[in-house]
Amino acid sequence: MPKPDKNEMGVTVKKSDDISEWYTQVIQKAELAEYTGVSGCMIFRPRAYAIWEKLQYFFDTEIKKLGVQNAYFPLFIPEALLKRESEHVAGFAPEVAWVTQGGDSKLNERLAVRPTSETIMYDAYAKWIRSHRDLPLKINQWVNVVRWEFKHPVPFLRSREFLWQEGHTVHAKKDDAETEVLTILEIYRRVFEEMLAIPVFKGKKSVNEKFAGADYSTSVETIVPSGKAVQAATSHHLGQRFAKSFGIEFLDEDGQKKLPFQNSWGFSTRSIGAMILFHGDDKGLVIPPKVAPMHAVIVPILFDDTKEKVLKAANKLKELLKDFAVLLDDRDSYTPGWKFNEWELKGVPLRIEVGPKDVVNDNVVVVRRDTGEKCVVRTKEVAGKVKELLDGIQKNLFERAKSWLKENTADVKNWDEFSKAVEQKKLIRAAWCEKTECAEQIKEKTEGVKVLNIPFEQPKKVSDECAHCKSSAKIVALFAKSY
Ligand code: 87F
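The structure displayed is predicted, hence computed values, not measured ones.

A. Main features of the sheet that holds strand 8 (residues 161-171). Here we have 11 strands laid out as an open sheet, ordered 3-7-8-14-11-10-9-22-23-21-20, and mixed in their pairing. With one partner strand each, in any of the chains shown, strand 3 (69-70) and strand 20 (409-412) form the two edges of the open sheet. In this structure, strand 20 lies alongside strand 21 (residues 427-432), joined through four bridges in parallel fashion. Residue Ala-410 lies in a different strand from strand 21, and its bridge partner there is Ile-428.

Have a look at this one:
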């Protein structure tokens, strides 16, 4: 079989020259995703799915500590049910996909393909909750959802079908529900900052950007190197609105019938898209070690006369590294250089080279994917060194991402500065009046810049006037165009 040449294999554009072409090539050449015949529906290939599994494991472990249980609710939601709490679907109606037919027969009632599961879950909750002893009820599901977007699809970041978790909890006391909103938001911050090495801003959504079904919404937000913002995750306090429309009531300790308080929260496979854009470079993907399906690849440098010795050393090395996910790439139909390129493209954090000289000296050469730095390591010290290097890469990627974000955040005082920052595709921090009309005008004038959130950690206010309408501003908000 002819081997593809290096140019065909690798990414042919620079990330800084054409980031969207770069992204398209990386996701395909690094074997993360594949397009299909249905626009907006992509295949999550094993390399991408393995990253998702790492995120799932982390988040799932954390929510289980809070007493959340996993369950599965149906994919199809009867139309009447979806529309029961009409306010929350109103804005989303154009994105709902419907099943209207089974075989040749038309259905009596259309079935929505799950865009989110509030309605189907809360209909069941109304049957299950009777007394304060049934609370809190904390259920999560890991599922696919469909939103029939009409904007240009972008794999991971804006696809019609994606994977997420949605948590839906019910509490007797408002306080408990509100505490949970922030506890979950903190776990989301950790998913992004500790696992994906992506810095995020925690904050409250503006009234016009919050989930219509919520009393208020909180989010973690970031901006990726294409200059677009990504809402990384959201955690909503739903108050008693759904309880009212779905008839969820409980008999409290004092003998009174009451409406409980609810939350819902979610993050999705978008997170993988943000990771690719944040850390990737001209050679391809760079995966933070904590979410990397493979920590290191061993590439033996093989010559006919020393092949046996080198392979033996490489196998011993693999054994020494059994606590890590390590691949020994001993394919002899490819040159070492070809393999180096391939594993760089696929983002493996460390490459370990063993050649005949290394065998003689009882050394190996370890190369970092993030910086390209090489170091010679004594074979017996390799496990400790690999651990140290993986920690170092995780830390460096986060530090690098933080300084990039800092450089690409603009604190603006007035509309002039605001418009310049929009042109430069920066994340904008500005004093804002919190008025819906003002946000709408900003969106119109800038072709889509919107309020991402109002950060909990408020930066120093550079002005007391709204950067757009000049009326009095009590808070600083984050603005950008988003995916
Ligand atoms: C699309 C069609 C129908 C978003 C939709 O954020 C309904 C909806 O309700 C919809 N797109 N939403 C909001 C989702 C709210 C909430 N659900 C649970 C989350 C997190 C997980």
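Having seen the structure, we can now continue with the description.
B. Representation of the site of the ligand in the model. The environment of the ligand is made up of 16 residues, and the closest members are Phe-92, Thr-116, Glu-118, Arg-147 and His-236. In the model, an oxygen atom of the ligand is placed 3.2 Å from a nitrogen or oxygen of the Thr-234 side chain. Within the side chain of His-236, an N or O atom sits 2.7 Å from an oxygen atom of the ligand. When atoms are counted within 2 Å of each cavity's grid points, the one that captures over half of the ligand is the largest pocket.

C. Representation of the sheet that holds strand 6 (residues 105-113) in the model. The three strands lie next to each other as 4-6-5, forming an open sheet whose pairing is antiparallel. Lying at the two open borders of the sheet, with one neighbouring strand each, are strand 4 (76-78) and strand 5 (98-102). The average undirected angle you get between the axes of adjacent strands in this sheet is 50°.

D. Region of the structure containing helix 11 (residues 336-345). Taken across its 10 residues, helix 11 has seven buried, putting it largely inside the fold. Looking at helix 11, one finds that the buried residues are Trp-338, Lys-339, Phe-340, Glu-342, Trp-343, Glu-344 and Leu-345. Among the residues trailing helix 11, Gly-347 stands out with phi positive, at a value near 80°.

E. Quick look at the pairing of strand 11 (residues 229-239). Burial of strand 11 is extensive: 10 of the 11 residues sit out of reach of the surface. Here eight bridges tie strand 10 (residues 216-223) to strand 11, and the two strands are oriented antiparallel to one another. Directly across from Thr-222, in strand 11, lies its bridge partner Val-230. The turn joining strand 10 and strand 11, which pair antiparallel and follow one another in sequence, is formed by five residues; a positive phi near 85° is taken by Gly-227. Of the strand pairs in this sheet, strand 11 and strand 14 (residues 261-268) are connected by six bridges, and their pairing is antiparallel. Note that in strand 14 the partner of Thr-234 across the bridge is Gly-266.

F. Focus on the packing of aromatic side chains. Taken as a whole and assessed by the stated rule, the structure comprises 24 aromatic pairs. Both rings, one in Tyr-122 and one in Phe-246, keep their centres 6.3 Å apart while their planes meet at 85°; by these two values the pair is edge-to-face. Here Tyr-122 is found in helix 6 (residues 118-128), whereas its partner Phe-246 is found in helix 8 (residues 241-246), with 124 residues between them in sequence. For Tyr-122, a relative accessible area of 0% gives the class buried. Of note, Arg-331 hangs over the ring of Tyr-334, and the distance from its end group to the ring centre comes to 4.5 Å. Here Lys-445 stacks its cationic end above the ring of Trp-415, 5.2 Å away from the centre of that ring.

G. Spatial organisation of unusual backbone geometry. Cis peptide bonds are those with omega within 30 degrees of zero, and the linkage from Leu-135 to Pro-136 qualifies with -5°. Looking at the element boundaries, Pro-136 is found in the loop between helix 6 and strand 7 (137-146). Not every positive phi belongs to a glycine, and Asp-362 is a case in point at roughly 60°. In this structure, Glu-447 is a non-glycine residue whose phi angle is positive, near 55°.

H. The arrangement of the packing of helix 3 (residues 46-65) against helix 7 (residues 174-195) in detail. Interaxial distance between helix 3 and helix 7 falls to 11 Å at its minimum, and their mutual angle equals 150°. As the angle between them shows, helix 3 and helix 7 are arranged roughly antiparallel. As for how helix 3 packs across helix 7, the hand of that crossing is right-handed. Packed against helix 3, whose contacting residues are Lys-54, Leu-55, Phe-58, Phe-59, Glu-62 and Ile-63, the element helix 7 presents Ile-184, Ile-187, Tyr-188, Arg-190, Val-191, Glu-194 and Met-195 at the interface.

I. Quick peek at the environment of Ala-232. For Ala-232, the position within the fold is in strand 11. Note: C-alpha distance between Ala-232 and Thr-61 (171 residues apart in sequence) is 19 Å. Leave out the neighbours within four places in its chain, and Ala-232 touches Phe-192, Val-200, Val-220, Glu-221 and Phe-267.

J. Structural context of the pattern of salt bridges. Summed over the entire model, instances satisfying the criterion amount to 36 salt bridges. Its salt-bridge partner being Asp-254, residue Lys-258 comes within 2.9 Å of it at the nearest N-O pair. Taken together, the salt bridges that share partners define one network made up of Glu-31, Arg-47, Asp-329, Arg-331, Lys-339, Glu-342 and Lys-346.

K. Molecular detail of a negative patch on the surface. A cluster of acidic residues, Asp-17, Asp-18, Glu-21 and Asp-282, forms a negative patch at the surface. One can find Asp-18 in the loop between helix 1 (6-9) and helix 2 (19-29). Residue classification places Asp-18 among the partly exposed residues on the basis of a relative accessible area of 33%.

L. Structural context of the environment of Glu-161. Its location among the elements puts Glu-161 in strand 8. Separated by 245 residues in sequence, Glu-161 and Lys-406 have C-alpha atoms that sit 33 Å apart. A polar side-chain atom of Glu-161 sits 2.8 Å from a polar atom in the side chain of Asn-144.

M. Structural context of the nonpolar core. In terms of nonpolar packing, the biggest core is built from 53 residues, with Phe-156, Phe-192 and Ile-276 touching the most fellow members. Once residues lying within four places of it in the same chain are set aside, the contact partners of Ile-276 are Trp-22, Tyr-23, Val-26, Ile-27, Leu-32, Phe-156 and Leu-285. Among the nonpolar cores identified, the runner-up in size contains 26 residues, and Leu-81, Val-89, Phe-242 and Phe-250 belong to it.

Rules behind the numbers
Residues numbered from 1 in each chain as written. Predicted model: local features only at pLDDT ≥ 70, side-chain atom pairs only at ≥ 80, totals over all residues. Heavy atoms only, no water. Pairing = 2+ DSSP bridges. Helix = DSSP H or I, 4+ residues; strand = E, 2+ residues; numbered from the N terminus. Near = heavy atom within 4 Å. Polar contact = N/O pair within 3.5 Å; in protein donor to acceptor, adjacent residues only side chain to side chain. 1 Å grid on protein atoms, 1.4 Å probe; cavity = no way out; pocket = protein on both sides within 12 Å on 5 of 7 lines; lining within 4 Å. Sits in = over half its atoms within 2 Å of the grid points. Axes fitted to C-alpha atoms, helices over the stretch in contact; angles between N-to-C directions. Buried < 20%, exposed > 50% of the residue type's maximum accessible area, 1.4 Å probe, protein only. Phe/Tyr/Trp six-rings, centres within 6.5 Å; stacked < 30°, edge-to-face > 60°. Lys NZ or Arg CZ within 6 Å of the ring centre and 35° of its normal. Parallel < 35°, antiparallel > 145°, perpendicular 65-115°, else oblique. Left-handed = near helix turned anticlockwise from the far one by under 90°. Contact = heavy atoms within 4.5 Å. Salt bridge = Lys/Arg side-chain N within 4 Å of Asp/Glu carboxyl O. Patch = residues over 30% accessible without salt bridge, like charges linked within 9 Å, V, L, I, M, F, W, Y side chains within 5 Å. Areas by Shrake-Rupley, 256 points an atom, 1.4 Å probe, with all protein chains shown as cover. Lys, Arg positive; Asp, Glu negative; His and termini not counted. Charge placed at Lys NZ, Arg CZ, Asp CG, Glu CD. Core = buried A, V, L, I, M, F, W, Y, C linked by side-chain atoms within 4.5 Å.

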